[in-house]
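For reference, the chains in residue letters:
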Amino acid sequence: ETVKNLIFVIAVVIVYRFVFSLSGLIRTIHYQKIYESYLKGACNDFAVHTAPVKKLFQQAKVSDIVLPYTDFVGGGHFRVTNVSVFENMANTREDTVSAMQNCFSKARGTFRMNILECLSPLYWVQLVAFLPSKLCEYFGVSEKKFAPKIFQLLYWVLTPLLLCFRTQLYDFIVQLLQKA
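Residues numbered from 1 in each chain as written. Predicted model: local features only at pLDDT ≥ 70, side-chain atom pairs only at ≥ 80, totals over all residues. Heavy atoms only, no water.

Draft legend 1. Main features of the packing of aromatic side chains. In total, this model carries ten aromatic pairs according to the counting rule given. Aromatic side chains Tyr16 and Phe20 sit 6.0 Å apart centroid to centroid with 25° between the ring planes, which places their arrangement in the stacked category. Residue Tyr16 and its partner Phe20 are located together in helix H1 (residues 2-39), separated by four residues, close to a single helical turn. Judged by relative accessible area, Phe20 falls into the partly exposed class, the value being 32%. In textbook terms, an aromatic cluster arises when at least three aromatic residues are bridged by ring pairs, as seen for Tyr35, Tyr38, Phe46, Phe57, Phe86 and Phe104. (Phe/Tyr/Trp six-rings, centres within 6.5 Å; stacked < 30°, edge-to-face > 60°. Helix = DSSP H or I, 4+ residues; strand = E, 2+ residues; numbered from the N terminus. Buried < 20%, exposed > 50% of the residue type's maximum accessible area, 1.4 Å probe, protein only.)

Here you go:
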């Protein structure tokens, strides 16, 4: 019964990740086609799609790009600032268009990689073996810091011990609960 439940949970996680990644890839291709038709003049307003495209890039972990922008302010003076590509994705300047196409390519690559990882047993073995590091990374703690390394080491030491002595540990916990 427990094994069936575990297999069911694992299958749900794999299917969810696969469907999420496939959906991300399909949406990326969809918005990239809209963007390209906007650049050709077939679509009038790409700014309407800014929010979903930004969310899609965030899901693919594609970072915003900051481009330098020089503006003539008059009297022989220029103003140099930096502008966000994600906030100006409807702009048709050559550097913005090139950066946006690069972002779409990165998103497609990320979602495609995630789909392939769903099908790879090596990915899942590595995920289980390095679970504490992956969790720390998920919560925004760099794996280069000291805490994730300690968690990882404890995980590698304690997991085999807990598996070997799980019956004794279970009996001990039951005894503690009976005394309480």
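Draft legend 2. Representation of the nonpolar core in the model. Formed by 23 residues in total, the largest nonpolar core has its most connected members in Phe46, Val53, Phe57, Val62, Phe86, Met100 and Phe104. Of all the secondary-structure elements, those providing two or more residues to this core are H1, helix H2 (50-59) and helix H3 (94-118). Examining the composition of this core, we find that eight residues originate from one element, H3, more than from any other. When neighbours within four sequence positions are excluded, Phe57 is seen to be in contact with Val62, Phe86, Met100, Cys103, Phe104 and Ala107. (Core = buried A, V, L, I, M, F, W, Y, C linked by side-chain atoms within 4.5 Å. Contact = heavy atoms within 4.5 Å.)

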